[in-house]
Amino acid sequence: MNYDRIDARILELIQKNNRLTSDAIGEQVGLSATACQRRLKRLRAERIIEADVSIVSAKAVGRPVQMIVFVTLERERADIIDRFKKEIKASPEIATGFYITGEADFLLYITARSMEDYEQFTRQFFYQNANIKSVKTMVVVDRVKVGFGVPVAESVED
């Protein structure tokens, strides 16, 4: 996956605002709209751009309770890990999930309508799963920063 400094600038721009038109991007990077569209298509095809998303306020859609949850599995076997990853992906309550190293095996960001709603979720999702050893929940007091932006190197090509 190679990209040049123009691609890097395009990536920086769309990470800040994925609704920019190809015309607007082109003006800022010195390309035509068509050239920007071709570059964006290639960046998506090469999975440098994984998704185009909008960040929705959990509070605004009635899910004001937000938790960071560490999950430790009983055993680290590939089939158990793969099954749990599928369960994470299938759960709409889990907004983000990471398979991690350290004391826990997974870190999850979960939203709920209320603490009662979260308790019900934990009973169904965690406590009925015999492969889960422990669950540690931290309630989010204030979402200070949210996003998926990553620093983009100016150029990865010579």
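First, a word on what this report is: a plain description of the structure on this page. Predicted model only: the values in this text are computed from it and were never measured.

What counts and how
- Residues numbered from 1 in each chain as written.
- Predicted model: local features only at pLDDT ≥ 70, side-chain atom pairs only at ≥ 80, totals over all residues.
- Heavy atoms only, no water.
- Core = buried A, V, L, I, M, F, W, Y, C linked by side-chain atoms within 4.5 Å.
- Buried < 20%, exposed > 50% of the residue type's maximum accessible area, 1.4 Å probe, protein only.
- Helix = DSSP H or I, 4+ residues; strand = E, 2+ residues; numbered from the N terminus.
- Contact = heavy atoms within 4.5 Å.
- Salt bridge = Lys/Arg side-chain N within 4 Å of Asp/Glu carboxyl O.
- Arc of directions from axis to C-beta.

What follows concerns the nonpolar core. One finds V71, F84, L108, I110 and F126 to be the most contacted residues of the largest nonpolar core, which totals 19 residues. Those elements that place two or more of their residues in this core are β1 (65-73), α4 (78-90), β3 (106-112) and α5 (115-125). Tallying contributions element by element places β1 first for this core, with 5 residues. Ignoring anything within four residues of it in the chain, the contact list for L108 reads M67, I68, V69, V71, I88, I94, T96, G97 and F126.

Side chains that differ in sign of charge can pair as their charged atoms come close. In total, this model carries 10 salt bridges according to the counting rule given. The shortest N-O distance in the salt bridge between R42 and D7 comes to 2.4 Å. Of this pair, R42 sits in helix α3 (residues 33-45) while D7 sits in helix α1 (residues 5-16), placing them 35 residues apart in sequence. Judged by relative accessible area, which is 28%, R42 ranks as partly exposed. R42 is the salt-bridge partner of E46, the closest N and O atoms lying 3.6 Å from each other. With a relative accessible area of 29%, E46 lands in the partly exposed category. Residues joined in a network through salt bridges with shared partners are D4, D7, R39, R42 and E46.

Moving on, we get to helix α2 (residues 22-29). Taken residue by residue, α2 has S22, I25, G26 and V29 as its buried positions. Projected down its long axis, α2 shows its buried positions confined to an angular sector of 100°, all on one face. Away from the buried face of α2 by more than 90 degrees, exposed residues D23 and E27 are located. Along its buried surface, α2 packs onto α1 and α3. Looking one or two residues past α2, G30 carries a phi angle of roughly 80°, positive in sign.

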